[in-house]
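Residue-level structure breakdown
Here are the chains, one letter per residue:
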Amino acid sequence: MALMEPVITRKARAILLRRIEYGDHDVVLTFLTAEEGKVSAFAKNAKKSIKRFSGVLELFTLLEVVIRQGRGLPYLDEASIESPFESIRTDYLRMAYAGYWSEITVQWLEEGVPQKRLFTLFKTALDALHDARRSPGTVSVLFQLLFLDIAGFAPTLWVCSGCGKGMEKLPRRKVSFDLERGGLVCETCRKECTQRVALAAGTVMKLRWIMEQGLSKAFRVKFSLAAEAEALTLLEHFLPRHLGREPRSLGFLGEIRRSRG
Ligand SMILES: [Zn+2]
């Protein structure tokens, strides 16, 4: 008598981060969930089955999914849309930001480890990115900084990352951030560092404020264009260094930004 394969189905709220075509009919999907972190699943016949998944499996959509676990890679049984965030996919710049966040998330996360904070951060960031009144660059500063905090790589912003001297009071001229040490550096330690980014005191204050407020309040922050550009330069250099690989989506994001002037 053949043993029945144990089948477990589970329901989850999930953000679709990546889809890879598999053969002629199937796709492999990677989701972010709160309870299980990164989850990959096969969607059988997703490219053909208009009835089951048509228009549902779009990137950066918040879904409710039912996943069936047999042997091997789980299968997607059902998917319905909770928030389509459609304005993200009709704007190249917003799409490029969401693509970058997805790539670093997929790169950093292990399968099956709970990620409640990261799920909430990602959902909050997509909500803000979908809102036409919000600057996508500012939303990306928030996402990256809070992502670094969750990942345990929060930048050192209150003391010198070289000697530990307090840096609550900032000089009028620009402050140096050492990419190697992962934080601000004082005038003395500055001389030893080779890879640094210059930040205006006002930009550092904004970054500190975001770290202090945390996810629930930080999304109200507003940046000047100059401060936003400085913070993006810093974080887009700092974050890939700590993840160990340059995300491909960062190149695409840079091209889109340059084309918009
Ligand atoms: Zn120092």
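Computed from a predicted structure; not experimentally measured.

Reading guide: rules and limits
Numbering of residues starts from 1 in each chain and follows the order in which that chain's sequence is written. Per-residue local features of the predicted model are confined to residues with pLDDT of at least 70, and side-chain atom pairs are confined, for both listing and counting, to 80 or more; whole-chain, interface and lining totals are unaffected and use all residues. Helix numbers and strand numbers start at the N terminus; a helix is a DSSP run of H or I with at least 4 residues, a strand a run of E with at least 2. Put plainly, a residue is buried at 20 or more neighbouring C-beta atoms within 10 Å of its own, exposed at 12 or fewer, and partly exposed in between, counting only other residues' C-beta atoms, which are placed from the backbone. Two residues qualify as a contact pair if the distance between their C-beta atoms, derived from the backbone, is within 7 Å. For two strands to count as paired, DSSP must find a minimum of two bridges between them. Each axis is a line fitted through C-alpha atoms, taken for helices only over the stretch in contact, and angles between the N-to-C directions span 0 to 180 degrees. In this scheme, roughly parallel covers angles under 35 degrees and roughly antiparallel covers those over 145, while 65 to 115 is roughly perpendicular and the rest are oblique. Rotating anticlockwise by less than a right angle from the far helix to the near helix defines a left-handed crossing, while the corresponding clockwise rotation defines a right-handed one. For this classification, Asp, Glu, Lys and Arg are treated as charged, while Ala, Val, Leu, Ile, Met, Phe, Trp, Tyr, Cys and Pro are nonpolar and the rest, including Gly, are polar. Boundaries between domains were set according to an automatic or database domain assignment.

Notes on the environment of Phe-252
Its location among the elements puts Phe-252 in helix α10 (residues 248-259). Given 16 C-beta atoms within a 10 Å radius, Phe-252 is considered partly exposed. Considering only alpha carbons, one finds Phe-252 and Ala-96, 156 residues apart in sequence, at a separation of 6.9 Å. Look past the residues within four positions of Phe-252 in its chain and what remains in contact with it is Ala-96 and Gly-99.

Quick look at the sheet that holds strand β8 (residues 196-199)
Taken together, the 3 strands give an open sheet; going across it, the order is β7-β6-β8, and neighbouring strands pair in antiparallel fashion. Because the sheet does not close on itself, it has two edges, and the strands there are β7 (183-185) and β8. On average, each strand axis in the sheet is inclined to that of its neighbour by 40°, with strand direction left out of account. Across 3 bridges, strand β6 (residues 175-178) lies against β7 in antiparallel orientation. Across the sheet, the residue bridging to Asp-178 is Gly-183, located in β7. Relative to the sheet, helix α9 (residues 225-243) contacts β6 and β8, its axis offset from that of β8 by approximately 160°.

Thoughts on the pairing of strand β2 (residues 26-33)
Of all 8 residues making up β2, 6 are buried, and the element is well covered by its neighbours. Relative to β2, strand β1 (residues 8-22) runs antiparallel, the two sharing 8 bridges. Bridging from a neighbouring strand, Leu-16 pairs with Phe-31 of β2. A loop of 3 residues connects β1 with β2, the two strands running antiparallel in sequence, and Gly-23 in this loop sits at a positive phi of about 65°. Counted between consecutive antiparallel strands, the loop separating β2 from strand β3 (residues 37-43) contains 3 residues.

Re the packing of helix α3 (residues 92-108) against α10
With their axes 9 Å apart at the nearest point, α3 and α10 run at an angle of 160° to one another. It follows from the interaxial angle that α3 and α10 lie roughly antiparallel. Judged by the twist between their axes, the crossing of α3 over α10 is left-handed. Listed contacts from α10 to Tyr-92, Leu-93, Ala-96, Tyr-97, Gly-99, Tyr-100 and Glu-103 of α3 are Arg-248, Ser-249, Leu-250, Phe-252, Leu-253, Ile-256 and Arg-257. Among the residues making up the contact of α3 with α10, the classes are represented as 9 nonpolar, 2 polar and 3 charged.

Details of the domain arrangement of the protein
Taken domain by domain, the protein holds domain 1 (8-84) and domain 2 (87-259). One C-alpha centre belongs to domain 1, the other to domain 2; they are set 29 Å apart. Contact with domain 1, which involves 16 residues of that partner, is made by 19 residues of domain 2. Those elements giving two or more residues to the side of domain 1 that touches domain 2 turn out to be β1, β2 and β3. It is β3 that contributes the most residues to the side of domain 1 that touches domain 2, 4 residues altogether. Class assignment of the residues belonging to the side of domain 1 that touches domain 2 gives a composition of 7 nonpolar, 4 polar and 5 charged.

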